[in-house]
Amino acid sequence: MSKKLHTIPALDNFRMPGEQEAHEGIWMAWPERTDNWRFGAKPAQHAFAEVAKAIAKKTKVTMVVTADQYDNARGRLPEHIQLIEMTTDDSWMRDIGPSYVVNDKGVRRGIDWEFNAWGGLVDGLYSPWDKDDAVAKKVCEILEDDSYRAPIVLEGGSIHVDGEGTLYTTEECLLHPSRNPDLSKADIEQVLKDHLSIEKVIWLPLGLYNDETNGHVDNIMHVVAPGEVALTWCEDPSDPQYAISRKALDALETATDAKGRKIKVHKLPLPGPLYFTEEEANGIDMCDGMAREPGERLAASYANYLISNKHIIYPLLDEKTDDMARDKLAELYPGYELTGVAAREILLGGGNIHCITQQIPKL
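First, a word on what this report is: a plain description of the structure on this page. Note that the coordinates shown come from a computational prediction; the quantities given were computed from them, not determined experimentally.

Conventions and cut-offs
- Per chain, residue numbering runs from 1 following the sequence as it is written.
- Where local features are concerned, this predicted model is filtered to residues with pLDDT of at least 70; where side-chain atom pairs are given and counted, the filter is 80 or more; whole-chain, interface and lining totals use all residues.
- Computation of side-chain values covers all heavy atoms of the structure but excludes hydrogens and water.
- Criterion used throughout: strands pair if DSSP finds at least two bridges between them.
- Here a strand is any run of E in DSSP of at least two residues, a helix any run of H or I of at least four, and the numbering for each starts at the N terminus.
- What makes two residues a contact is simply this: any of their non-hydrogen atoms within 4.5 Å.
- Note on geometry: axes are lines fitted to C-alpha atoms, helical ones only across the stretch in contact, with angles between N-to-C directions running from 0 to 180 degrees.
- When the centres of two rings from Phe, Tyr and Trp lie within 6.5 Å, Trp using its six-membered ring, the rings pair. Their planes under 30 degrees apart give stacked, over 60 give edge-to-face, and anything left gives tilted.
- For a ring to carry a charge above it, either NZ of a lysine or CZ of an arginine must fall within 6 Å of the ring centroid while also lying within 35 degrees of the normal to the ring plane.
- The buried label goes to any residue with under 20% of its type's maximum accessible area, the exposed label to any with over 50%, and the partly exposed label to all in between, with areas taken from a 1.4 Å probe on protein chains only.
- Along the arc lie the directions from the helix axis toward the C-beta atoms.
- What counts as a salt bridge is simple: a side-chain nitrogen of Lys or Arg found within 4 Å of a carboxyl oxygen of Asp or Glu.
- Take the buried residues of types Ala, Val, Leu, Ile, Met, Phe, Trp, Tyr and Cys, join any two whose side-chain atoms come within 4.5 Å, and each joined set is a nonpolar core.
- Both site types are read off a 1 Å grid over the protein atoms alone. A 1.4 Å probe that fits but cannot get out defines a cavity, while an open set with protein on both sides within 12 Å along at least five of seven lines defines a pocket; lining residues have an atom within 4 Å of a point.
- Grid points are joined across faces, edges and corners, and a volume is the space filled by probe spheres set on the points.
- Under the scheme applied here, ten amino acids are nonpolar (Ala, Val, Leu, Ile, Met, Phe, Trp, Tyr, Cys and Pro), four are charged (Asp, Glu, Lys and Arg), and all others, including Gly, are polar.

### Some words on the sheet that holds strand β8 (residues 160-161)
Ordered in space as β8-β9-β10, the 3 strands form an open sheet in which the pairing is mixed. Two strands lie at the open edges of the sheet, namely β8 and β10 (200-204), each paired on one side alone. When β8 meets strand β9 (residues 166-170), the two strands line up antiparallel, connected through 2 bridges. Within β9, the residue paired with His 160 across the bridge is Tyr 168. Against the sheet, helix α8 (residues 185-196) contacts β9 and β10, and its axis sits at roughly 130 degrees relative to β10. Across the sheet, helix α9 (residues 240-253) is in contact with β9 and β10; its angle to β10 comes to roughly 155 degrees.

Structural data, given as structure tokens:
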């Protein structure tokens, strides 16, 4: 039986491991929301299934799916991918699932962040969001892992950790008035230190251009290893991403991590720029929170990849830059298997492969 704990993870000697550490499993959630996913979510379901199959080459995959979609998902997924019936509001498991912490005695626990659909009543993408907010606790209960309910609104995609005391995030997201307006920057850092046992926060000013999550860090950069990151880079001075990437580079190169190391920054190419087509925008049901207009810039990034058990699952987004991205990732991860998955349908919903997955540490 799992239980909700009322202590502080750091004082209990639990830390958040880096994504490069061993995984027992990866959890995902099946897409079906027709005001976010076009054509009844069928193209997105195909893309999610391909991501799940790619991950399952090395890591067990569990897909949560609502009762209405259970039979459809079972028919579209191979038998070795586990299905669990669960109500959700949408399908971004990185943001709604638990962030896991571990200790040196082989115990893991989940961190259950408050979730408000990327902005609540200020600029959230949908309402209500209570089913999504309940997902992290349910995952912990299914896995029989104890959990902590953190006193802060936070999405898993808004943070990256290296497993050795350093956390990366963006001011654009964690300091946004739609998240925790009553908390100062120092207050937020303290909550992160208390719950993840990190020692230092490195703040990038902004996330990727036109990212509707208010600039999640996982869409502009990824931790390769302690002291080493991959950053989305733009060479076109007329592109709004050009200045954003340079500000991020400056923040990274002028900082040291929790161990006092200078941070080595590798540059990933920027795909596109890519835009909604008229057909894509017209295939989505109208709603108040999520604007999907023809010609809208898509927040496309190769940094939105997943590391799982010496396997890199990365998005294929633009035939002009896909091979460049693969070559760079192969250089950064020698000895790793690399699998590219066609991911435009995931991108159309507002994120990518890292956003739709959440890792469970191996004990």
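### A look at the packing of aromatic side chains
The final tally for this structure, using the stated rule, is 6 aromatic pairs. Ring centres of Tyr 333 and Tyr 336 lie 5.1 Å apart, and the angle between their planes is 55 degrees; on these two criteria the pair is classed as tilted. Aromatic ring contacts, followed pair by pair, group Trp 37, Phe 48 and Trp 92 into a single cluster. Looking at Arg 33, its charged tip hangs above the ring of Tyr 126, at a distance of 4.3 Å from the centre. Cation over ring: Arg 246 sits above Tyr 242, and NZ or CZ is 3.5 Å from the ring centre.

### Concerning helix α11 (residues 322-332)
Within the span of α11, buried status applies to Asp 322, Ala 325, Leu 329 and Leu 332. What you see down the axis of α11 is that its buried residues fit within an arc of 90 degrees, all on one side. Opposite the buried face of α11, at more than 90 degrees from it, the exposed residues are Asp 323, Asp 327 and Glu 331. Close packing links the buried residues of α11 with β11 (221-225), β12 (228-233), β13 (264-269), β15 (311-316) and β16 (337-342).

### Observations concerning the sheet that holds strand β7 (residues 147-153)
The 4 strands lie next to each other as β1-β7-β6-β5, forming an open sheet whose pairing is mixed. One side of each edge strand has no neighbouring strand; the edge strands of this open sheet are β1 (4-5) and β5 (99-102). Pairing between strand β6 (residues 108-114) and β7: 4 bridges, direction parallel. Paired with Gly 110 across the two strands is Ser 147, which belongs to β7.

### Let's talk about the pattern of salt bridges
The tally for this structure, following the rule as stated, stands at 22 salt bridges. The partner of Lys 57 in a salt bridge is Glu 337, and the shortest N-O contact between them spans 3.1 Å. With Lys 57 in the loop between α1 (42-55) and β3 (60-65) and Glu 337 in strand β16, this residue pair connects regions lying 280 residues apart in the sequence. A relative accessible area of 29% means that Glu 337 is categorised as partly exposed. Between Arg 149 and Asp 112 there is a salt bridge, with the nearest N and O atoms lying 2.9 Å from each other. Of this pair, Arg 149 sits in strand β7 while Asp 112 is found in strand β6, placing the two residues 37 residues apart along the sequence. With relative accessibility at 30%, the residue Arg 149 sits in the partly exposed group.

### Things to note about the nonpolar core
Generally speaking, a soluble globular protein has its nonpolar side chains buried in company with each other. In terms of nonpolar packing, the biggest core is built from 73 residues, with Met 28, Leu 77, Tyr 305, Ile 312, Tyr 333 and Ile 346 touching the most fellow members. Sort the elements by how many residues they give to this core and α1 lands first, with 8 residues. If we skip the residues at most four places from it in the chain, Met 28 touches Phe 48, Val 51, Ala 52, Ile 55, Val 61, Thr 62, Met 63, Val 64, Met 93, Ile 356 and Thr 357. The next biggest cluster of nonpolar side chains, apart from the first, holds 22 residues, and it includes Phe 14, Tyr 148, Ala 150 and Val 201.

### A word on the pairing of β7
When you tally the buried positions in β7, you get 5 out of 7 residues, the bulk of the element. Inspection of the sheet shows β1 paired to β7 by 2 bridges, in the parallel sense. Counted as the bridge partner of Lys 4 is Ser 147 from β7.

### Some words on empty space enclosed by the protein
Under the defined criterion, the tally for this structure stands at 4 cavities of 30 Å³ or more. Counted as a void, the largest cavity has a volume near 110 Å³. Met 16, Glu 19, His 160, Val 161 and Gln 359 are the residues nearest the centre of the largest cavity, which is lined by 16 residues in total. When residues of the lining of the largest cavity are traced back to their parent elements, those giving at least two are β8, β11 and β17 (358-361). Taken together, the residues that form the lining of the largest cavity break down as 5 nonpolar, 9 polar and 2 charged.

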